[in-house]
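Commentary on secondary and tertiary structure
Okay, here's what each chain looks like letter by letter:
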Amino acid sequence: AREVMDEIQETLRWNEDVARKLSGIEREIADSPDPAGLFEHLVLSMETAFGIPFVWLSLVRTPQADALRGTLAASGLLGDRLNLIDGDAFAALLDGRSEPLLVNGDLRSFYRLLPPMKKFLFRSLALVPFTLDGTVVGSLNHGDPSPQRYHPDLATDLLAQLGARVSARLGALSSKAVPLPASP
């Protein structure tokens, strides 16, 4: 019984630590001046705060993501951490869902998410979809060589919250970039 209580307390401490780190990252991205800054900070912060070996972005080939793709591809940091994927293929990987997905095991179909110029052998993966104007336009991907790092039994509520905050900030930044129509 004592070992079980110790394990529960250790899990609670670990969850609190993850929540604290994510909360800090979410506060920082709220101040991002543009989409490239948002994702640059997000990628670097996730790598350093959580020791994730490879963090990158996938963008779905959609009209909503076109302007975003050009902005992110021009970034020195994000240019080689960016992958484009067909919408149907992306939807199939997420099984039609828009919530974060944790996978391990047979990941062959997920290798299509890797950037063309930067390959990484991962044995577990966390995908955090983000939206623009209510449409899923991409995902923040976390790859790890350990098959135990991300597995389907782990809770994804904190990653879902991160995805929602990224989507909200991306929407706010995108709406600023669109000129308002002239009043008649």
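Predicted, not measured: the structure shown is a model, and the values here were computed from it.

Topic: the overall build of the protein
Tallying secondary structure elements over the protein gives 5 helices and 5 strands in all. Going residue by residue from the N terminus, the α and β elements of the protein occur as α-α-β-α-β-α-β-β-β-α. Computed over its C-alpha atoms, the radius of gyration of the protein comes to 17 Å, within 12% of the 16 Å expected for a compact globule of 184 residues. The C-alpha extent of the protein, read off along each of the three principal axes, is 75 × 35 × 30 Å. Residues classed as buried in the protein amount to 41% of the 184 residues present. For the protein, the share of sequence-separated contacts (at least 6 apart) that also reach a separation of at least 24 residues comes to 66%. Surface accessibility of the protein: about 9900 Å² in total, with carbon and sulfur atoms responsible for 56%. A gap of 4 Å separates the mean positions of the 18 positive and 23 negative side-chain charges of the protein.

Some words on the packing of helix α1 (residues 2-29) against helix α2 (residues 35-50)
Two elements in contact, α1 and α2, have axes whose closest approach is 10 Å; the angle formed by their N-to-C orientations is 160 degrees. What the angle tells us is that α1 and α2 run roughly antiparallel. The element α1 and its partner α2 pack so that their crossing is right-handed. Between α1 and α2, the residues in contact are Val18, Lys21, Leu22, Ile25, Glu28 and Ile29 and Leu38, His41, Leu42, Ser45, Met46, Ala49 and Phe50, respectively. Residues belonging to the contact of α1 with α2 are distributed by class as follows: 9 nonpolar, 2 polar and 2 charged.

A few points about the pairing of strand β2 (residues 82-85)
As paired elements, strand β1 (residues 54-60) and β2 share 4 bridges and run parallel to each other. Residue pairing in the sheet places Leu57 in a bridge with Leu82 of β2. A crossover connection joins β1 to the parallel β2 through helix α3 (residues 63-73); in handedness this β-α-β unit is right-handed.

Thoughts on unusual backbone geometry
A positive phi angle is found at Asp95, which is not glycine, with a value near 55 degrees. Along the polypeptide, Asp95 turns up in the loop between α4 (87-93) and β3 (101-104). One non-glycine residue, Asp133, adopts positive backbone phi at about 55 degrees. Relative to the helices and strands, Asp133 is located in the loop between β4 (124-132) and β5 (135-144).

Topic: the pattern of salt bridges
The final tally for this structure, using the stated rule, is 9 salt bridges. Across the pair Arg20 and Asp17 runs a salt bridge, and its minimum N-O distance is 2.2 Å. Of this pair, Arg20 and Asp17 both sit in helix α1, 3 residues apart, roughly one helical turn. Asp17 is paired through a salt bridge with Lys21; the nearest N and O atoms lie 3.3 Å apart. Of this pair, Asp17 and Lys21 both sit in helix α1, 4 residues apart, which is roughly one turn of that helix. Shared partners join several salt bridges into a network, and the residues in it are Asp17, Arg20 and Lys21.

Analysis parameters
- Residues numbered from 1 in each chain as written.
- Predicted model: local features only at pLDDT ≥ 70, side-chain atom pairs only at ≥ 80, totals over all residues.
- Heavy atoms only, no water.
- Helix = DSSP H or I, 4+ residues; strand = E, 2+ residues; numbered from the N terminus.
- Rg over C-alpha atoms; globule rule 2.2 N^0.38 Å.
- Buried < 20%, exposed > 50% of the residue type's maximum accessible area, 1.4 Å probe, protein only.
- Contact = heavy atoms within 4.5 Å.
- Areas by Shrake-Rupley, 256 points an atom, 1.4 Å probe, with all protein chains shown as cover.
- Lys, Arg positive; Asp, Glu negative; His and termini not counted.
- Charge placed at Lys NZ, Arg CZ, Asp CG, Glu CD.
- Axes fitted to C-alpha atoms, helices over the stretch in contact; angles between N-to-C directions.
- Parallel < 35°, antiparallel > 145°, perpendicular 65-115°, else oblique.
- Left-handed = near helix turned anticlockwise from the far one by under 90°.
- Nonpolar A, V, L, I, M, F, W, Y, C, P; charged D, E, K, R; others polar.
- Pairing = 2+ DSSP bridges.
- Right-handed = clockwise from strand over helix to strand, strands pointing away.
- Salt bridge = Lys/Arg side-chain N within 4 Å of Asp/Glu carboxyl O.

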